[in-house]
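Take a look at the letters that make up each chain.
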Amino acid sequence: MIEVACRQDLAEILAIYNEVIRNSTAVYTEFALSPERGESWFEAKRAGGFPLIVSKDASGITGFGTFGEFRAPPCYQHTVEHSVHVRRDRRGQGVGRQLVSELMARAAAMQKHIMIAGIDADNVVSIKLHQSLGFVKVGHFYEVGFKFSRWLDLVFLQCRLPAT
């Protein structure tokens, strides 16, 4: 079940996000998000009119997704960049696909034209998932991140959203 996140979901969302930070290169930071920063992030999404959605089952929140501005200048207003993360024990079970699909539908309903995905180049599973949903690779940035004592490459994929 996918629904709009509420403030009570924040602790589980941060637990997923911080596990990703600690154990993967899916997020290019080494610093966990504190509850205070999580609150600020939650409020910024709400104030900006951007969705924050969660996937839930009987075990709790299994993943979350959101999107926001790709770039600040007004000429980019029809382009968004999304972020989706799935709880460790639910990866590979379709949760990410459901979340990305829902974000695409919400972005199209908001009259957005393009959705961008920035993905670590070694994350082949995520790249293939996005390609199966219509995203195409449009850029490869070499050695732009540094985490776990190694250089990381970032790829950008984009998807033209259907007009509504």
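Residues numbered from 1 in each chain as written. Predicted model: local features only at pLDDT ≥ 70, side-chain atom pairs only at ≥ 80, totals over all residues. Heavy atoms only, no water.

K.L.:
What exactly am I supposed to notice about the nonpolar core here?
P.N.:
Of all hydrophobic cores here, the largest spans 23 residues; its most connected members are Phe67, Met104, Met115, Phe135 and Leu157. If you list the elements that add at least two residues to this core, you get strand E4 (79-86), helix H3 (95-109), strand E5 (114-120) and strand E7 (150-160). In terms of residue count, the dominant contributor to this core is H3 (7 residues). Setting aside residues up to four positions removed in sequence, Leu157 forms contacts with Met115, Ile116, Ala117, Ile119, Ile127, His130, Gln131, Phe135, Val136, Lys137 and Val138. Judged by nonpolar contacts, the second largest core, of 15 residues, contains Leu10, Val27, Leu52 and Ile61. (Core = buried A, V, L, I, M, F, W, Y, C linked by side-chain atoms within 4.5 Å. Buried < 20%, exposed > 50% of the residue type's maximum accessible area, 1.4 Å probe, protein only. Helix = DSSP H or I, 4+ residues; strand = E, 2+ residues; numbered from the N terminus. Contact = heavy atoms within 4.5 Å.)

K.L.:
Is there a simple way to think about unusual backbone geometry in this case?
P.N.:
Both trends apply: most residues other than glycine have a negative phi, and most peptide bonds are in trans. In the Ramachandran plot, Glu143 falls in the positive-phi region, its phi being about 50 degrees despite a non-glycine side chain. When you line up the elements, Glu143 lands in strand E6 (residues 136-147). If you check the backbone angles, Phe148 has positive phi at about 55 degrees while not being a glycine. Position of Phe148 among the secondary structure elements: in the loop between E6 and E7. Owing to a relative accessible area of 41%, Phe148 belongs among the partly exposed residues under this scheme.

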